[in-house]
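Okay, here's what each chain looks like letter by letter:
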Amino acid sequence: MLTAIRQHCQAILAAVPANRMLALDVLRGLTITAMILVNNPGSWSYVYSPLLHAKWHGWTFTDLIFPFFIVIVGMSLQLSLQRQQTATKAALLKHALLRSVKLYLLGLFLVLFYYNFRDPSYNYIEQKLMAVRALGVLQRIALVYFFTMLIALYCATRGRIIAMLMLCALYLAGMWYLPYQDAYGQQFVGLLEFGNSFAAWLDHTVLGAQHVYYRTATPFAFDPEGLWSTLPAIASCVSGLLIAQWLQAQRTLVQKARGLLLCGVVAVWLAELWHFSLPINKSLWTPSFVLLSSGYCAIALATCLWLCDIKKYRLWSAPFVVFGANAILFFMFAGIAARLLGMIPVGDISLQSWLFSNLYQPAFGNYNGSLAFAISFLLLSYLLMHWCYKRGIFLKV
């Protein structure tokens, strides 16, 4: 059994080009794997706290997953630009715009891919289509990717650092100093509360209460991937550009890993200090959260670099290479499969609820059963992703 697993992993890694830095592929795979794991418990009533988002200020392991992906988008963008040095800026921008539109439409598809078959009075037009959530994970990636491309094309290293600082400064200026008021004329300024901040007011006013994630938040419905918080999210992606530039520099792998580790530790330390005056908050994507998540991403990349590319401890990374090579397809498949499990009725409950309550909960208990369901979901996903990997089937947008 162990020999078969070893051979399986070796076959996967043998397909990776010898001159390719494995660490980034592995980190991407780890990130998307963690994202799918936390998004698909057997029951949301039984989830271990590290696998849940922080209720508001503060952070958990789960809060780091999405910003890791955003930073990795920036790293991948910088590395791809190096391979496209002969392309014109106009051509690159056109490609970036097209790719952003595709990502946004894929995100919109996932939002609309749902029907409540268990409710005979369910009205898809009114309850889903007319109340569609305008933003989300893929939609944010689409916006962040395009604007980061603009910065990458027209700013050198110093300009990119200035762009990061300006994005965060503009965000804070709005959050701290721009006044806003509710429907009763009560005026607010400088609040960072759930449903009461400049970012929440902007989402409520521009997008509408029926088109955001937190529709019942008061006094303002808002979206954790909302409009104003996209500014510091772009800053997170720009940090990925800078990390990739460091990887491209003429230094040894050991020097690159040490530099990433040092910068990451300093960034995390500064973010935790900043938390006392500017709370770390994933839903608001505060600049302190940008610093924290980018710092931890640098630490994680340094760790992968040390393990995979310096010490050559690679066998463990093979499944993550498979997942990372097809991250968008993996995300789309997981989203569609999870929705189908929630849509297919088994009596008065969904297929997912039936599987959890009849198989996983009796066998493993509440919390372990919920986690076992998520792990099973990952293992079944791996079979499909590996089948695609072997046949060269990749979803590129």
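What comes next is a walk through the structure. All values derive from a computational prediction rather than experimental measurement. (Residues numbered from 1 in each chain as written. Predicted model: local features only at pLDDT ≥ 70, side-chain atom pairs only at ≥ 80, totals over all residues. Heavy atoms only, no water.)

**Concerning the overall build of the protein chain**
Applied cut-off: The numbering of helices and of strands both runs from the N terminus, where a helix is a DSSP run of H or I of at least 4 residues and a strand a run of E of at least 2. All radius of gyration figures rest on C-alpha atoms, and the globule criterion is 2.2 Å times the number of residues raised to 0.38. Relative accessibility under 20% of the residue-type maximum defines a buried residue, over 50% an exposed one, and the middle range a partly exposed one, all with a 1.4 Å probe and only protein chains included. We call two residues contacting when some pair of their heavy atoms lies within 4.5 Å. To be clear on the numbers: accessible area is Shrake-Rupley with a 1.4 Å probe, and residue cover counts the displayed protein chains and nothing else. All tallies of charge rest on Lys and Arg as positive and Asp and Glu as negative; His and the ends of each chain are not included. For this purpose, a charge sits on NZ of Lys, CZ of Arg, CG of Asp or CD of Glu.
Summing up its helical and strand segments, the protein chain has 15 helices and six strands in all. Taken against the 2.2 N^0.38 rule, which gives 21 Å for 397 residues, the C-alpha radius of gyration of the protein chain at 22 Å falls within 12% of a compact globule. Taken along the three principal axes of its C-alpha coordinates, the protein chain extends 60 × 55 × 40 Å. Relative to its 397 residues, the protein chain shows a buried fraction of 50%. Considering only intrachain contacts with a sequence separation of at least 6, the fraction spanning at least 24 residues in the protein chain is 73%. Counting every atom, the protein chain has about 19300 Å² of accessible surface; 65% of that belongs to carbon and sulfur. Counting 27 positive and 12 negative side-chain charges, the protein chain places the centres of these two groups 20 Å from one another.

**Brief notes about the side chain of threonine 60**
Looking at the secondary structure, you find threonine 60 in the loop between helix H2 (22-39) and helix H3 (65-83). Discounting chain neighbours no more than four positions away, the residues touching threonine 60 are Ser49, Pro50, Leu52, His53 and Ala54.

**Describing the packing of aromatic side chains**
Here the distance between the centres and the angle between the planes together describe a pair of aromatic rings. Test applied: Centre distance within 6.5 Å is the pairing criterion for rings of Phe, Tyr and Trp, where only the six-membered ring of Trp is used; planes under 30 degrees apart are then read as stacked, over 60 as edge-to-face, and the remainder as tilted.
Per the counting criterion, the structure on display carries 32 aromatic pairs. A ring pair is formed by phenylalanine 66 and tryptophan 285, whose centres lie 5.7 Å apart and whose planes are at 90 degrees; its orientation type is edge-to-face. Taken as a pair, phenylalanine 66 in helix H3 and tryptophan 285 in the loop between helix H10 (253-274) and helix H11 (287-310) lie far apart in primary sequence, 219 residues in all. Tryptophan 285 matches phenylalanine 66 in its accessibility class, with the two residues each being buried. Seen from their ring centres, tyrosine 180 and tryptophan 201 are 6.4 Å apart, and the 35 degrees between their planes marks the pair as tilted. With tyrosine 180 in strand S1 (residues 180-181) and tryptophan 201 in helix H8 (residues 198-206), the pair connects residues that are 21 residues apart, well separated along the chain. Tyrosine 180 gets classed as buried once you look at its relative accessible area, which sits at 3%. The exposure class of tryptophan 201 is partly exposed, given its relative accessible area of 23%.

**Regarding empty space enclosed by the protein**
This is how the line gets drawn: Here the term cavity refers to a set of points on a 1 Å grid, laid over the protein atoms alone, in which a 1.4 Å probe fits but cannot get out; the term pocket refers to an open set having protein on both sides within 12 Å along at least five of seven lines, with lining residues being those that place an atom within 4 Å of a point. Grid points are joined across faces, edges and corners, and a volume is the space filled by probe spheres set on the points. Under the grouping applied here, Gly and all other residues not named as nonpolar or charged are polar, the nonpolar ones being Ala, Val, Leu, Ile, Met, Phe, Trp, Tyr, Cys and Pro and the charged ones Asp, Glu, Lys and Arg.
Counted by the stated rule, this structure contains three cavities of 30 Å³ or more. In this model, the largest cavity occupies a volume close to 80 Å³. The wall of the largest cavity is formed by Leu37, Val38, Pro41, Tyr46, Val47, Tyr48, Leu51, Tyr367, Ser370, Leu371 and Ala374. For the lining of the largest cavity, the secondary structure elements donating two or more residues are H2 and helix H15 (366-390). Of all the elements, H15 adds the most residues to the lining of the largest cavity, at four residues. Partitioning the lining of the largest cavity into residue classes produces ten nonpolar, one polar and no charged.

**Quick word on the pattern of salt bridges**
Where we set the bar: A pairing counts as a salt bridge when a side-chain nitrogen of Lys or Arg comes within 4 Å of a carboxyl oxygen of Asp or Glu.
What the rule picks out here adds up to five salt bridges. Across the pair aspartate 223 and arginine 133 runs a salt bridge, and its minimum N-O distance is 2.7 Å. One end of the pair, aspartate 223, is in the loop between H8 and helix H9 (230-248); the other, arginine 133, is in the loop between helix H5 (124-129) and helix H6 (137-154), with 90 residues separating them in the sequence. According to the relative accessible area criterion, aspartate 223 is buried, its value standing at 2%. Between lysine 282 and glutamate 225 there is a salt bridge; the shortest N-O distance is 3.3 Å. With a gap of 57 residues between them, lysine 282 in the loop between H10 and H11 and glutamate 225 in the loop between H8 and H9 connect regions that are remote in the sequence. When its relative accessible area of 9% is taken as the criterion, lysine 282 is described as buried. Under the relative-accessibility criterion, glutamate 225 is labelled buried at 5%.

**Focus: the environment of phenylalanine 333**
Mapped onto the elements, phenylalanine 333 comes out in helix H13 (residues 327-343). Note on phenylalanine 333: relative accessible area 27%, which makes it partly exposed.

**What to know about the layout of surface pockets**
Approximately 1200 Å³ is the volume found for the second largest pocket. Along the wall of the second largest pocket there are 37 residues; nearest its centre are Arg20, Arg28, Ser76, Arg83 and Lys396. Those elements that provide at least two residues to the lining of the second largest pocket are H2, H3, helix H4 (89-112), H6, H9, helix H12 (318-325) and H13. With nine residues, the single largest contributor to the lining of the second largest pocket is H3.

**Description of the nonpolar core**
Counted only if it meets this: Definition of nonpolar core: a set of buried residues of the types Ala, Val, Leu, Ile, Met, Phe, Trp, Tyr and Cys, connected through side-chain atoms within 4.5 Å.
Ranked by internal contacts, the top residues of the largest apolar core, which has 118 residues, are Leu27, Ile32 and Met75. Dropping the residues within four chain positions of it, methionine 75 is found in contact with Leu24, Leu27, Gly240, Leu241, Ile243, Ala244, Cys297 and Leu301. By size, the runner-up hydrophobic cluster in this structure holds five residues, among which are Ala134, Leu135, Leu207 and Ala221.

**Section: the packing of H2 against H11**
The test is simple: Only the stretch in contact is used when fitting a helix axis, every axis being a line fitted to C-alpha atoms; angles between N-to-C directions are given from 0 to 180 degrees. For classification purposes, an angle smaller than 35 degrees is called roughly parallel, one larger than 145 roughly antiparallel, one from 65 to 115 roughly perpendicular, and anything else oblique. In this scheme the crossing of two helices becomes right-handed for a clockwise turn of the near helix relative to the far one and left-handed for an anticlockwise turn of less than a right angle.
Packing of H2 against H11 brings their axes to within 8 Å, and their N-to-C directions diverge by 125 degrees. Judged on the interaxial angle alone, H11 and H2 are oblique. Our pair here, H2 against H11, has a crossing hand that is right-handed. Judged by residue contacts, Leu22, Ala23, Leu24, Val26, Leu27 and Leu30 of H2 engage Cys297, Ala300, Leu301, Cys304, Leu305, Cys308 and Asp309 from H11.

**Digging into a nonpolar patch on the surface**
The test is simple: Only residues whose relative accessible area exceeds 30% and that form no salt bridge enter a patch; like-charged residues are grouped when within 9 Å of one another, and nonpolar side chains (Val, Leu, Ile, Met, Phe, Trp, Tyr) when within 5 Å.
Side chains of Leu262, Val266, Trp269, Leu270, Leu273 and Phe276 sit close together on the surface and give an oily, nonpolar patch of about 670 Å² of accessible area. Inspection of the secondary structure puts tryptophan 269 in helix H10. By relative accessible area, which is 54% here, tryptophan 269 ends up exposed.

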